[in-house]
Amino acid sequence: MKIWIDADACPVVIKEILYKAAMRTELPLILVANQAMRVPASDWISTLQVSAGFDVADNEIVRQSNAGDLVITSDIPLAAELIAKGVQVLSPRGELFTKDSIGARLNMRDFLETLRSSGEHTGGPPPLHQRDRQAFAAQLDKLISRYLRQKKTS
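Residues numbered from 1 in each chain as written. Predicted model: local features only at pLDDT ≥ 70, side-chain atom pairs only at ≥ 80, totals over all residues. Heavy atoms only, no water.

1. Thoughts on the overall build of the chain
Here is step 1 of the chain: A count of helical and extended segments in the chain gives five helices and six strands.
Here is step 2 of the chain: Overall, the C-alpha framework of the chain stretches about 50 × 35 × 30 Å when taken along its three principal axes.
Here is step 3 of the chain: Within the chain, buried positions represent 34% of all 154 residues.
Here is step 4 of the chain: Long-range pairs, those at least 24 residues apart, make up 50% of the contacts in the chain between residues at least 6 apart in sequence.
Here is step 5 of the chain: Only carbon and sulfur atoms are counted for the fraction: they give 52% of the accessible area of the chain, which is about 8,900 Å².
Here is step 6 of the chain: When the 19 positive and 18 negative side-chain charges of the chain are each reduced to one mean point, those points stand 7 Å apart. (Helix = DSSP H or I, 4+ residues; strand = E, 2+ residues; numbered from the N terminus. Buried < 20%, exposed > 50% of the residue type's maximum accessible area, 1.4 Å probe, protein only. Contact = heavy atoms within 4.5 Å. Areas by Shrake-Rupley, 256 points an atom, 1.4 Å probe, with all protein chains shown as cover. Lys, Arg positive; Asp, Glu negative; His and termini not counted. Charge placed at Lys NZ, Arg CZ, Asp CG, Glu CD.)

2. Things to note about helix α3 (residues 76-84)
Here is step 1 of the chain: Among the residues of α3, those classed as buried are I76, L78, A79, A80, L82 and I83.
Here is step 2 of the chain: The N-cap residue of α3 is D75: its side-chain oxygen and the backbone nitrogen of L78 are 2.9 Å apart.
Here is step 3 of the chain: A positive backbone phi angle near 90° is found at G86, which sits one or two residues after α3. (Polar contact = N/O pair within 3.5 Å; in protein donor to acceptor, adjacent residues only side chain to side chain.)

3. Thoughts on unusual backbone geometry
Here is step 1 of the chain: Non-glycine residue E26 carries a positive phi angle of around 60°.
Here is step 2 of the chain: By secondary structure assignment, the location of E26 is in the loop between α1 (12-25) and β2 (29-33).
Here is step 3 of the chain: Since its relative accessible area comes to 48%, E26 is described here as partly exposed.
Here is step 4 of the chain: The phi torsion at D55 lies on the positive side, around 65°, for a residue other than glycine.
Here is step 5 of the chain: Positionally, D55 belongs in the loop between β3 (45-49) and α2 (56-64).

4. A few points about the pairing of β2
Here is step 1 of the chain: Burial runs high along β2: five of the five residues are buried.
Here is step 2 of the chain: By the alternation rule, side chains of β2 split into L29, L31 and A33 and I30 and V32, which are all buried.
Here is step 3 of the chain: Here strand β1 (residues 3-6) pairs with β2 via four bridges, running parallel. Opposite D6, over in β2, you have V32 as the bridge partner.
Here is step 4 of the chain: Read from β1 through α1 to β2, the crossover connection turns out right-handed.
Here is step 5 of the chain: Here β2 pairs with β3 via five bridges, running parallel. Within β3, the position partnered with L31 by the bridge is T47. (Pairing = 2+ DSSP bridges. Right-handed = clockwise from strand over helix to strand, strands pointing away.)

5. Topic: the packing of α2 against α3
Here is step 1 of the chain: Running from amino to carboxyl end, α2 crosses α3 at an angle of 10°, the nearest separation of the two axes being 10 Å. Regarding the angle of α2 to α3, the classification is roughly parallel. In the crossing of α2 with α3, the sense of the turn from one axis to the other is right-handed. Residues D58, I61 and V62 of α2 lie in contact with α3, whose contacting residues are L78, E81 and L82.
Here is step 2 of the chain: Taken together, the residues of the contact of α2 with α3 sort by class into four nonpolar, no polar and two charged. (Axes fitted to C-alpha atoms, helices over the stretch in contact; angles between N-to-C directions. Parallel < 35°, antiparallel > 145°, perpendicular 65-115°, else oblique. Left-handed = near helix turned anticlockwise from the far one by under 90°. Nonpolar A, V, L, I, M, F, W, Y, C, P; charged D, E, K, R; others polar.)

6. Regarding the side chain of Q139
Here is step 1 of the chain: Assignment of secondary structure puts Q139 in helix α5 (residues 130-153).
Here is step 2 of the chain: Other than its neighbours up to four places away in sequence, Q139 contacts L90, G94 and L96.

The following block contains the structure:
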């Protein structure tokens, strides 16, 4: 399993949790962004800088990720594309997107986009709170633990 981060919009505190997890578990962590990023020196952490442009980083994550990998993103259309490919997707707030939940999330996203395009102010996402960080860390630990158990038995 590789862990991919849609890194341009990923909060720093979430990246810090992921750095520690990658080094502790020795799982490859790849940050994909359209700008240079500083990361801790580690054999398990790397960056992939893509050119600027709409969905360039997203498209690269879809192209390079494989079934069983884990992607960290809050991008709902990207999540839907990855789930269809068999990739696990976790939001920075700890929400695990699934085949069952992604349709409703896409519908809500489209609805809010329609409101915004008609001039309605819908606001942005709320700030990331401690409970969001805890939910993310707990879900990440659960996913990694499950993977490592399966790896031992196979």
